[in-house]
Structure formats: structure tokens, C-alpha cells
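Descriptive analysis of the structure
Below are the chains, spelled out letter by letter.
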Amino acid sequence: MNKNHYRVYPTHALYSAVANALIEMRTNVKAPDALIAGALLTGMSICAQEDINILLPTGQSSPGMLFFATMADSGERKTATDKLVLAPIYMRDGEDANEYQKALTAYQAELRYWQIVDKSLQSKITKALDKGRDTSLLRRELAEHAVAKPRKPVRKRRVYQSVTERPLMEGVEGNGKCVVILSDEGSIVLNGGATTKLGTLNKIWDGPELLTFDRADGSIEARDPRVTVSFMIQEKLFKDFLDKRGEIVRQSGFLARFLVSWPASTQGYRFMSLWDPVWDHLPKFHHRMNELLDATAARRSAGETERRLLSFSLDAKNLWVTMQNTVESKLHDGGELASVRDFASKSMELVGRLAGIMHHFEGIAGDVISMETLQRAQEVVNYYFDEY
């Protein structure tokens, strides 16, 4: 591996609200553009995955979510970028954890009381039996008491890092559940149990109607699950992972599902000043994230689980077909893209997904994605195409 050239991230292709947040982060944090962009697009994917599907010109319905992998060495401010950009996600997870602890404490108190009553009823029945008395009423009372046993609360959780297949499936169990596998230390993700079962993540990326996980005490069923995956990782750690499992992650198509970047370092150019950083645009990005997440929560609370289906305008469809045919013409043996067929074959679906996510995040009216949005998405994915 040798990063011997600098490729400019197409910030101009992002809509202004996102582009301005990226520029502000670059000014204040001085991290590489692609590293910041990966975090911003991750936040957009998280906000879209529960709400939209995208009808591609092929007729295929594709989920509104993406996978990201960003290589950056120590000192590139991966942690600072991750925490700043995705603060609303971490804050909500923290709030859910606090609510879970309160509910767990209440549950434990209710369970202790239930156990005392249960023990008392059993004692009454034992005494009645010893004395030869009728126990019909006590047995009925015991049955009613069993039905009233408190149920342990289930923790709502969005963010996973090191996760095995079973807890991941438990996280998306039910109808339309969404989580995110997220870490600024990507080795935690890659060495976690979920990546030893690539088939599960590959299937989730494809947007299955039903995904099951069989176990001794029954099976877990997830209908229309969604998972955004995003990690940042140091070059050596990623290289070690590829040395061990590179053939598998390429042959299975796992790596081809990622928008991969390896931005040039900004170290040596991050000069300080005494001016306090100004934050105007990132708070607006956070506001939009919270607005979308709140709307999603309200919709689900009302029992609405159907996702919006976004489609493309006629001119956008024509452009999409032209771009798809251009890529296809280069995939033959000896062709320009033959060595990256895995990613190239999925590249136009990634363009379509990103276009849908941009349409949703920007709050563009209607369910039809314009040619302008498709062109913006194409330019962004072209950057990741070159990086791959």
C-alpha cells in the first residue's frame, strides 16, 4: 500500500448545508476532508435508513443506507471528528441507556415484590393441601399472579461496535428495526464477531424482507432490517486485516459494499491561532439530524412502519442508464475496471442510494429524485471509486 498522491474530495458536489458543515469542521478541527465527509454521510445514512427505500431504474428497491471505511493514522483526529459530527447519535444512545437503567431499577423492585407474593401464595396452597382444604381459588389466584409477572425492559440501542452475530440480530429483531455499527477504532469492528459472519451483513446491506437467526431456544426474525456500518482505521491495522481475510472480503463482495477512502494526512499543516472556533453550520447539521430522527420516532410510535419509496425522474433515469452502461463496458477481461469488478458492479447502486439519502436529508419536496441530485451523488461516489 502506498498513498503517494492527493485526491481532492468533491465538497462542491454536496448540497450547501452539508458542504458548509464539512468546511467548518475542516477549519476548526483540521482533519482531512474525506474523513469528515465520511462522518457526515454516515450521519445522513443513519437518519435515512429507517425512512426510505430507493427504486433504481433497474426496478430493484434498494435500502437507503451505506457502509463506510476510512483509513487514517493516529493523530488525524478520527475520534474528534467522530464525536463532533455524530454527537446527536451518541447523545440519544446515552439518553436511552439512562432510561433503560431507570426502567431496570423499577423492574427489579417490581420483580422482588412479585416474588414475595408468589412465595406467599405457594405457602398458602401448601398449608391448604396439608389440611385437605379446597385450593381452587388459590390456584386461580396463582395463575393470575403468574400472568402479572413483570417483564424485564429491553434496552433501546442504536450504536454497536464490537458485536457478534446474535446481538446484532437481536438489535434488529422485529419489523423495520435499524442500528449502526460505528467506531473510530475500526479494528474493533473488523475483529468483532459480526465480520466473521459476512453473509449476515451482506444480506442486511441488500435489504432483505426477512432475515432469521436460529438458536437452541428458538429463532430471531428481523423483517426489513437496516444497518449503517462506518469505521475509521489505521493503515497498518487495515492492512493486517486484508492480509488475513482479504480474499474472503473481496470474493464475498463484503468490501465492495463500502465507500472506502484513504485521505492524505493534514499533519504538518494544522497551524493554531488564538481565535476561538466559530460553530454555525455543524449545529444546523445536527438540528436536521435531530429533526429527522424525531420525525421517525413519532412515525413509529404511531404504528407507521412503511418506508417512503423514492424513484428517479425520467432524465435522471436516462443519465443513470448511461452511467451504468459506461461502467459495464469496462468490466470485461482486460478492461479498465476489471481489477475492481466487485466494487464497479455495485457502484451505480451506491450512486442511487446516496442520491436518495441526499434527497431525504435535504428535505426536497416529493418522492422523485432529480437529475441534479443524481449528478451530485455520482461525483461523490466517483471519488470513492478512485479510492477503491
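All of the points below concern the structure found in this document. This is a predicted model, so every value here is computed, not measured. (Residues numbered from 1 in each chain as written. Predicted model: local features only at pLDDT ≥ 70, side-chain atom pairs only at ≥ 80, totals over all residues. Heavy atoms only, no water.)

**Observations regarding the overall build of the protein**
The secondary structure content of the protein amounts to 13 helices and 12 strands. Structurally, the protein occupies a C-alpha span of about 90 × 55 × 45 Å along its principal axes. Within the protein, the fraction of its 388 residues that count as buried is 49%. Long-range pairs, those at least 24 residues apart, make up 79% of the contacts in the protein between residues at least 6 apart in sequence. Taken as a whole, the protein presents about 19500 Å² of accessible surface, with 51% of it coming from carbon and sulfur. (Helix = DSSP H or I, 4+ residues; strand = E, 2+ residues; numbered from the N terminus. Buried < 20%, exposed > 50% of the residue type's maximum accessible area, 1.4 Å probe, protein only. Contact = heavy atoms within 4.5 Å. Areas by Shrake-Rupley, 256 points an atom, 1.4 Å probe, with all protein chains shown as cover.)

**Considerations on the side chain of Glu50**
As for its placement among the helices and strands, Glu50 is situated in the loop between α2 (33-48) and β1 (52-55). When near neighbours in sequence (up to four residues on either side) are disregarded, Glu50 contacts Gly176, Cys178, Thr296, Arg299, Arg300 and Arg307.

**Re the pairing of strand β11 (residues 308-312)**
Of the strand pairs in this sheet, β1 and β11 are connected by three bridges, and their pairing is parallel. Bridging from a neighbouring strand, Asn53 pairs with Leu309 of β11. Relative to strand β12 (residues 368-369), β11 runs parallel, the two being bridged by two bridges. Its bridge partner lying in β12, Ser311 is registered against Val368. (Pairing = 2+ DSSP bridges.)

**Considerations on the sheet that holds strand β2 (residues 61-63)**
Strands sit in the order β2-β1-β11-β12 across an open sheet of four strands; the sheet is mixed. Each having just a single partner strand, β2 and β12 make up the two edges of the open sheet.

**Thoughts on the nonpolar core**
Tyr9, Leu41, Ile181, Phe231, Phe285 and Leu374 are the most contacted members of the largest nonpolar core, which has 104 residues in total. The element contributing the most residues to this core is α2, with 11 residues. Excluding its chain neighbours within four sequence positions, the residues that come into contact with Phe231 are Phe68, Ala69, Thr70, Ser183, Gly186, Val189, Leu190, Phe238 and Phe258. In this structure, Tyr100, Leu104, Leu111 and Trp114 belong to the second largest nonpolar core, which totals five residues. (Core = buried A, V, L, I, M, F, W, Y, C linked by side-chain atoms within 4.5 Å.)

**What to know about the environment of Ala109**
Position of Ala109 among the secondary structure elements: in helix α4 (residues 87-130). The exposure class assigned to Ala109 is partly exposed, which follows from its relative accessible area of 37%. A sequence separation of 41 residues divides Ala109 from Pro150, and the C-alpha atoms of the two residues are 9.7 Å apart.

**A short note on the sheet that holds strand β6 (residues 178-183)**
Spatially, β4-β6-β9-β3-β10 is the arrangement adopted by the five strands of the open sheet, whose pairing is parallel. Each having just a single partner strand, β4 (159-160) and β10 (258-261) make up the two edges of the open sheet. In this structure, strand β3 (residues 67-71) lies alongside β10, joined through four bridges in parallel fashion. By the bridge assignment for β10, Thr70 is matched with Ser261.

**Some points on the pattern of salt bridges**
The tally for this structure, following the rule as stated, stands at 20 salt bridges. Note that Arg223 and Glu221 form a salt bridge whose closest N and O atoms lie 3.7 Å from each other. We classify Glu221 as partly exposed; its relative accessible area is 36%. Residues Arg341 and Asp333 are paired through a salt bridge, measuring 2.3 Å at the closest nitrogen-oxygen approach. Here Arg341 falls in the partly exposed class, since its relative accessible area comes to 33%. On the accessibility criterion, Asp333 (66% relative accessible area) is exposed. One continuous salt-bridge network, built from bridges that share partners, spans Arg7, Asp386 and Glu387. (Salt bridge = Lys/Arg side-chain N within 4 Å of Asp/Glu carboxyl O.)

**A few points about helix α10 (residues 281-301)**
A rise of 1.5 Å per residue sets the reference length of α10, with its 21 residues, at 30 Å; its end C-alpha atoms lie 30 Å apart and thus fit the reference within 8%. Among the residues of α10, Leu282, Phe285, His286, Arg288, Met289, Leu292, Leu293, Thr296 and Arg299 are the ones counted as buried. What you see down the axis of α10 is that its buried residues fit within an arc of 160 degrees, all on one side. For α10, exposure combined with an orientation more than 90 degrees from the buried face picks out Lys284, His287 and Ser301. (Expected span 1.5 Å × (residues − 1). Arc of directions from axis to C-beta.)

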